[in-house]
Amino acid sequence: MILEEISKNAARFPQRTAYCQIGLNDSKTDSLLWGQLAEYSDNLAAYIAGRVSGRAPIVVYGHKSPYMIVCFLACVKSGHAYCPIDISVPASRVAAIVDEVAPPCILSTEPFPFEREGIVTGDEIAEICRTSPSEPVTLSPVLSDDVFYIIFTSGSTGTPKGVQITCECLDNYLMWAKTLGGGLDPEKHYTFINQAPFSFDLSVMDLYLSLFSGGTLAALDKAVQSSTAALFRALEKSSANVWVSTPSFADVCLSDERFSEALLPQLEKFLFCGETLTNRTAGELMRRFPKAVVVNTYGPTESTVAVTEVNITPEVNAEWSPLPVGREKPGTRIFIMDEAGRILRDGEKGEIVIAGDTVSIGYLNKPELTEKVFGTYEIDGKSCRLYHTGDKGYRQNGWIFYCGRLDFQIKLHGYRIELEDIESNIMKLPGVRQAAVLPVYRDGQVRSISAYVAADRSDADDFQYSQKLRSMLRKYVPDYMIPKKFVFVDALPRTDNGKVDRRALGGMRA
Ligand code: AMP
């Protein structure tokens, strides 16, 4: 269905901008019209169909660029799921993902970090996009329960796991997402802010809402996001109507008084997901953008971006702390369960379990892990998939409230991180005997991470040694997973049953 909507939009608005990326300087540097999006992705799809047999997933590597979107669509139009990998992922992790996906080819809009067969470079992609096939090619796009995309998230074993989202999941998600915050007027041209890299499922919210509604995606790349001056210039030029980001990113923007209705006069909605939206952030946004609706949504990658919603009005903000994450969407049921799988009563805290029509079919090539956290459930006589989120929550007044994790997964600046993922990678570093990674909280939010390391080392100086560990760790994990502090200990404290005593470590000074 989404592909049909995209075709219709391209036919209706060929001259409308589908994607624009406002660069570090004043001009809207990179952009793509709807007509070009259709033509380029058709040409690239025909190229893929002519060279790749079967329907195996394809890796799309790069950052923000109009060609990323073209590649995604070319993959699904030619019957292949796509797996986006951002340039921020270090080479060894890219290699692990590529090994897992085993793609027949890699579409690489940026220089690929290592040599491999089947890489189609950025220049080649641009050339193919502009070349119509010499003979007409019949395409058989992904459909219904075919996988549409695979997004890798942090895994506790030290290697990321690939969440497979089907075409149906995405369609079901979009049917609801288009209604968020009062809905999208089908006659209106919306511009959506894209903050998250395409390898994070939050970007699915802005990218596909924009493609679904015939809108414009205004992408903020890494360079723009790291310079306040460039960021505010880009925001001002975006004429955005819909904001999609983590609350952390909104907090960064709110730290500057200029972030207000005067900067984004056409902004109608803030759509948040991925981490706790605090009363303070919501209140400040309502003060500075009195005409905009603030929407909190909740969900993991495993259930296609989000499954609950609530509009945060001044009344809701005044009455509830923490803020609710809202009610489940149609087609989804949420249960709060205890460890034995019993459904708990309102007010009782337990695990948030999601059942419904957007739950993933499981992790790529990981049947055991899939079996551990996914299951099935019957809704209205129809069997649907179910996912144990590992999130702790409760229901009150019909609303779901999120109150932390049952395991060692955290969100830092909006990024999902398994602390054991970092620990496993620190353990790979020479000399390290033991490692434990702990979140550092302030005002109820994770502000940084600290690593506690026992190591045999020659460097006498803690600072130098931690710098060395940091630079070695960068080979294995993205920058956002590098601990801010390293604390060196002779041995990690253990509980009576032999596990690392995280409580005792928390008491150590970091
Ligand atoms: P991701 O798969 O990266 O989207 O991360 C999913 C996790 O983010 C969830 O399992 C929650 O732990 C957290 N999360 C998502 N939405 C919210 C929200 N609105 N409030 C608090 N935590 C959230």
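Just so it is clear, the structure is predicted and the values come from calculations on it, not from any experiment.

## Things to note about the sheet that holds strand 24 (residues 432-442)
Across a sheet, strands are paired by hydrogen bonds formed along the backbone, either parallel or antiparallel in direction. Read across the sheet, 3 strands follow the order 24-25-26 without closing on themselves; strand pairing throughout is mixed. Two strands in the sheet have a free side with no partner beyond their single neighbour: strand 24 and strand 26 (485-488). Strand-to-strand twist across the sheet, computed as the mean angle between neighbouring axes with direction ignored, equals 25°. Inspection of the sheet shows strand 24 paired to strand 25 (residues 445-455) by 10 bridges, in the antiparallel sense. Its bridge partner being in strand 25, Y441 is matched across the sheet by V446.

## Quick look at the sheet that holds strand 15 (residues 327-328)
Overall, mixed pairing links the 9 strands, which are arranged 2-1-10-9-11-12-13-14-15 in an open sheet. Two strands lie at the open edges of the sheet, namely strand 2 (30-33) and strand 15, each paired on one side alone. When strand 1 (residues 17-21) meets strand 10 (residues 216-219), the two strands line up parallel, connected through 3 bridges. Following the sheet pairing, Y19 is matched in strand 10 by L217. Running over the sheet, helix 7 (residues 202-213) touches strand 1, strand 9 (191-194), strand 10, strand 11 (242-245), strand 12 (269-272) and strand 13 (293-298) and is turned about 160° from strand 9.

## Some thoughts on helix 6 (residues 167-177)
Within helix 6, 8 of the 11 residues are buried, which leaves it mostly tucked inside the rest of the structure. Here helix 6 has its buried residues at C167, C169, L170, D171, Y173, L174, W176 and A177.

## Structural notes on the site of the ligand
Taken together, 16 residues form the shell around the ligand, and within it T297, T301, D391, K411 and R416 come nearest. One nitrogen or oxygen atom from the side chain of N296 is found 3.2 Å from a nitrogen atom belonging to the ligand. Between T301 and the ligand, the recorded distance is 2.5 Å, taken from a side-chain N or O atom to an oxygen atom. When the ligand sits alone it has 500 Å² of accessible area, and the protein chains cover 95% of it. Going through the elements one at a time, strand 13 and strand 21 (399-405) are the ones with two or more residues in the shell around the ligand.

## Considerations on the environment of R287
Note on placement: R287 falls in helix 11 (residues 279-288). Within polar-contact distance, the side chain of R287 engages the side chain of E284 at 2.6 Å.

## Considerations on the side chain of N194
Examined against the element boundaries, N194 turns out to sit in strand 9. Of the polar contacts made by the side chain of N194, one reaches the backbone oxygen of A196; its length is 3.2 Å. At a separation of 2.8 Å, a polar atom in the side chain of N194 contacts the side chain of D206. Setting aside its immediate chain neighbours within four residues, N194 contacts K64, S203, D206, L217, A218, A219 and L220.

## Comments concerning a positive patch on the surface
Residues R280, R442, R447, K484 and K485 make up a contiguous surface patch of positive charge. Within the secondary structure, K485 is located in strand 26.

## A word on the state of the cysteines
Enumeration over the complete set of coordinates arrives at 0 disulfides. Here C20 is not cross-linked by a disulfide; its sulfur's nearest cysteine counterpart is in C253, at 16 Å. We classify C20 as buried; its relative accessible area is 4%.

## Observations concerning the pairing of strand 23 (residues 415-418)
Pairing between strand 22 (residues 409-412) and strand 23: 4 bridges, direction antiparallel. Of the residues in strand 23, the one forming a bridge with K411 is R416. If you look at the hairpin formed by strand 22 and strand 23, you'll find 2 residues sitting between the two strands, and H413 has a positive phi there, around 50°.

## Considering the layout of surface pockets
Looking at the second largest pocket, its volume works out to about 820 Å³. Along the wall of the second largest pocket there are 32 residues; nearest its centre are K372, V373, G390, R405 and D407. For the lining of the second largest pocket, the secondary-structure elements that each account for two or more residues are strand 17 (350-356), helix 13 (367-373), strand 20 (382-396) and strand 23. By residue number, the principal contributor to the lining of the second largest pocket is strand 20, which donates 5 residues. Looking at side-chain class alone, the lining of the second largest pocket contains 7 nonpolar, 10 polar and 15 charged residues.

## Quick word on the nonpolar core
The tendency in soluble globular proteins is for nonpolar side chains to be buried as a group. In terms of nonpolar packing, the biggest core is built from 84 residues, with L44, L107, F148 and Y208 touching the most fellow members. By residue number, the principal contributor to this core is helix 3 (residues 66-77), which donates 10 residues. In this structure, F148 is in contact with I2, L3, V76, A81, Y82, V142, I165, T166, C167, L170 and Y208, ignoring residues within four places of it in sequence. Core analysis: the second largest hydrophobic core is formed by 37 residues, V224, L267, M286 and V310 among them.

## A closer look at the packing of helix 10 (residues 247-254) against helix 11
Their axes nearest at 11 Å, the elements helix 10 and helix 11 cross at an angle of 55°. One way to sum up the angle between helix 10 and helix 11 is to call them oblique. Remark: the crossing between helix 10 and helix 11 carries left-handed chirality. Within the contact between the two elements, helix 10 uses A250, D251 and L254 and helix 11 uses T281, E284, L285 and R288.

Reading guide: rules and limits
Residues numbered from 1 in each chain as written. Predicted model: local features only at pLDDT ≥ 70, side-chain atom pairs only at ≥ 80, totals over all residues. Heavy atoms only, no water. Pairing = 2+ DSSP bridges. Helix = DSSP H or I, 4+ residues; strand = E, 2+ residues; numbered from the N terminus. Axes fitted to C-alpha atoms, helices over the stretch in contact; angles between N-to-C directions. Contact = heavy atoms within 4.5 Å. Buried < 20%, exposed > 50% of the residue type's maximum accessible area, 1.4 Å probe, protein only. Near = heavy atom within 4 Å. Polar contact = N/O pair within 3.5 Å; in protein donor to acceptor, adjacent residues only side chain to side chain. Areas by Shrake-Rupley, 256 points an atom, 1.4 Å probe, with all protein chains shown as cover. Patch = residues over 30% accessible without salt bridge, like charges linked within 9 Å, V, L, I, M, F, W, Y side chains within 5 Å. Salt bridge = Lys/Arg side-chain N within 4 Å of Asp/Glu carboxyl O. Lys, Arg positive; Asp, Glu negative; His and termini not counted. Charge placed at Lys NZ, Arg CZ, Asp CG, Glu CD. Disulfide = S-S within 2.5 Å. 1 Å grid on protein atoms, 1.4 Å probe; cavity = no way out; pocket = protein on both sides within 12 Å on 5 of 7 lines; lining within 4 Å. Points joined across faces, edges and corners; volume = space filled by probe spheres on them. Nonpolar A, V, L, I, M, F, W, Y, C, P; charged D, E, K, R; others polar. Core = buried A, V, L, I, M, F, W, Y, C linked by side-chain atoms within 4.5 Å. Parallel < 35°, antiparallel > 145°, perpendicular 65-115°, else oblique. Left-handed = near helix turned anticlockwise from the far one by under 90°.

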